[in-house]
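Residue-level structural notes
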Amino acid sequence: MDSIISKILEIDARACEIVREAEERKLDIAGIIEDEKEAFHASEIEQAEKKLEAERVKIISAADKEAKEHIARSEEKIALMEKYRGEHFDTWVEELYGRIVK
């Protein structure tokens, strides 16, 4: 009878040890899962930041191109206006002088 009780106590002790080990593994697995979640989250944030940076560069590039086109058109208009002024300046001065003198 003592040997049966002893055996039951051994089995119970072993069962408690197995439960304790299972609980420890459960905690380890929970920690691993949490670490994986954090790594995944960080990776997602990094990818989103890269996409945002690429989009920002694209938008700035497009805006820069558009600004350069506007500047080029403005410079062309200024050159045309200066040419027109150069071609008509003497005529305008004579006409104004004539109107003032009359």
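Located above this text is the structure these notes cover.
Since the model is a prediction, treat every value here as computed from it, not as a measurement.

**Details of the overall build of the protein**
Each helix and strand in the protein was counted, giving 1 helix and 0 strands. For 102 residues, the compact-globule estimate of 2.2 N^0.38 gives 13 Å, and the C-alpha radius of gyration of the protein, at 43 Å, exceeds that figure by more than 25%. Here the C-alpha coordinates of the protein stretch approximately 145 × 20 × 5 Å along the principal axes. Taken across its 102 residues, the protein has 0% of its residues classed as buried. Of the roughly 9,900 Å² that the protein leaves accessible, carbon and sulfur atoms contribute 61%. Of the side-chain charges in the protein, 18 are positive and 27 negative, and the distance between the mean point of each set is 9 Å.

**Side note on the packing of aromatic side chains**
Evaluation of the coordinates by the stated rule reveals 1 aromatic pair. Above the face of the Phe-89 ring, Arg-85 is positioned so that its terminal group lies 5.4 Å from the ring centre.

**With respect to helix H1 (residues 2-101)**
Between its terminal C-alpha atoms H1 stretches 141 Å, which fits the 148 Å expected from 100 residues at 1.5 Å a residue. Along H1, the sharpest change in direction is near 50 degrees and occurs at His-88.

**A few points about the environment of Gly-86**
With respect to the helices and strands, Gly-86 occurs in helix H1. For Gly-86, a relative accessible area of 52% translates into the label exposed. Along the primary structure Gly-86 and Glu-66 are separated by 20 residues, whereas in three dimensions their C-alpha atoms are 30 Å apart.

**Focus on the pattern of salt bridges**
Tallying each qualifying case throughout the model produces 7 salt bridges. Across the salt bridge formed by Lys-37 and Glu-34, the nearest N and O atoms sit 3.7 Å from each other. With Lys-37 and Glu-34 both in helix H1 and 3 residues apart, this pair spans about one turn of that helix. Residue class for Lys-37 comes out partly exposed when judged on its relative accessible area of 49%.

Parameters at a glance
- Residues numbered from 1 in each chain as written.
- Predicted model: local features only at pLDDT ≥ 70, side-chain atom pairs only at ≥ 80, totals over all residues.
- Heavy atoms only, no water.
- Helix = DSSP H or I, 4+ residues; strand = E, 2+ residues; numbered from the N terminus.
- Rg over C-alpha atoms; globule rule 2.2 N^0.38 Å.
- Buried < 20%, exposed > 50% of the residue type's maximum accessible area, 1.4 Å probe, protein only.
- Areas by Shrake-Rupley, 256 points an atom, 1.4 Å probe, with all protein chains shown as cover.
- Lys, Arg positive; Asp, Glu negative; His and termini not counted.
- Charge placed at Lys NZ, Arg CZ, Asp CG, Glu CD.
- Phe/Tyr/Trp six-rings, centres within 6.5 Å; stacked < 30°, edge-to-face > 60°.
- Lys NZ or Arg CZ within 6 Å of the ring centre and 35° of its normal.
- Expected span 1.5 Å × (residues − 1).
- Bend = angle between axes of the 7 residues up to and from the residue.
- Salt bridge = Lys/Arg side-chain N within 4 Å of Asp/Glu carboxyl O.

Keep in mind these values describe shape, not function.
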